[in-house]
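Topology and contacts: notes
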Amino acid sequence: REVNDQLTCKLASLEAQSDAGIVMKADELQHKVEQLQSYLAANEDMVEKLRASNDHLTNELNSLKSHSDSTIVDELQRKVEQLQSTLDAVHQEKESISND
């Protein structure tokens with residue numbers, strides 16, 4: 001009977017240690033979960049900032065393209081006008097020669 005009592009005490013002690021170990025593990029896991037949640041939240045913030053930056057850069061690029069396109073169109077228009085002026089001068093020169 002004494003051995004049985006000792007074994008029962010030992011078993012209760014082991015169970016208590018086991019329960020304490022499980023509680024410690026659960027606390028460690030909870031801490032790691034909280035760290036991961038914090039890390040994910042920081043990553044989500046970073047992704048949102050990158051998206052906003054990407055949107056801003058896309059808008060800037062589109063603005064530059066638009067400006068560049070209008071500059072190119074203006075330059076082409078100027079060249080067309082120069083060519084037309086040159087053609088008019090050549091035409092007048094041709095008529096002048098024809099009339100002489």
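Scroll up to find the structure.
So, here's what we can say about the structure. It should be emphasised that the depicted structure is a prediction, and the values quoted were computed from it without experimental measurement. (Residues numbered from 1 in each chain as written. Predicted model: local features only at pLDDT ≥ 70, side-chain atom pairs only at ≥ 80, totals over all residues. Heavy atoms only, no water.)

Turning next to the overall build of the protein chain. Looking only at helices and strands, the protein chain features one helix and zero strands. For the protein chain, whose C-alpha radius of gyration is 42 Å, the value lies well above the compact-globule estimate of 13 Å for 100 residues. Its C-alpha atoms give the protein chain principal-axis dimensions of about 145 × 15 × 5 Å. Across the 100 residues in the protein chain, those meeting the buried criterion constitute 0%. When the accessible surface of the protein chain is split by element, carbon and sulfur atoms take 58% of a total near 9300 Å². Taking the average place of the 10 positive charges on the side chains of the protein chain and the average place of its 20 negative ones, the gap between the two points comes to 8 Å. (Helix = DSSP H or I, 4+ residues; strand = E, 2+ residues; numbered from the N terminus. Rg over C-alpha atoms; globule rule 2.2 N^0.38 Å. Buried < 20%, exposed > 50% of the residue type's maximum accessible area, 1.4 Å probe, protein only. Areas by Shrake-Rupley, 256 points an atom, 1.4 Å probe, with all protein chains shown as cover. Lys, Arg positive; Asp, Glu negative; His and termini not counted. Charge placed at Lys NZ, Arg CZ, Asp CG, Glu CD.)

All right, on to the environment of Gln82 then. As for its placement among the helices and strands, Gln82 is situated in helix α1 (residues 2–99). Judged by its relative accessible area of 44%, Gln82 falls in the partly exposed class. In the structure, Gln82 is positioned 60 residues away from Ile22 in sequence and 88 Å away in space, judged by C-alpha atoms.

What follows concerns the pattern of salt bridges. A complete count under the given rule lists three salt bridges for this structure. Across the salt bridge formed by Lys25 and Glu28, the nearest N and O atoms sit 3.9 Å from each other. Of the two residues, Lys25 and Glu28 both sit in helix α1, three residues apart, roughly one turn of that helix. Look at Lys25 and you get exposed, because its relative accessible area is 52%. A salt bridge links Glu75 to Arg78, with the shortest nitrogen-to-oxygen separation between them at 2.5 Å. Of this pair, Glu75 and Arg78 both sit in helix α1, three residues apart, roughly one helical turn. (Salt bridge = Lys/Arg side-chain N within 4 Å of Asp/Glu carboxyl O.)

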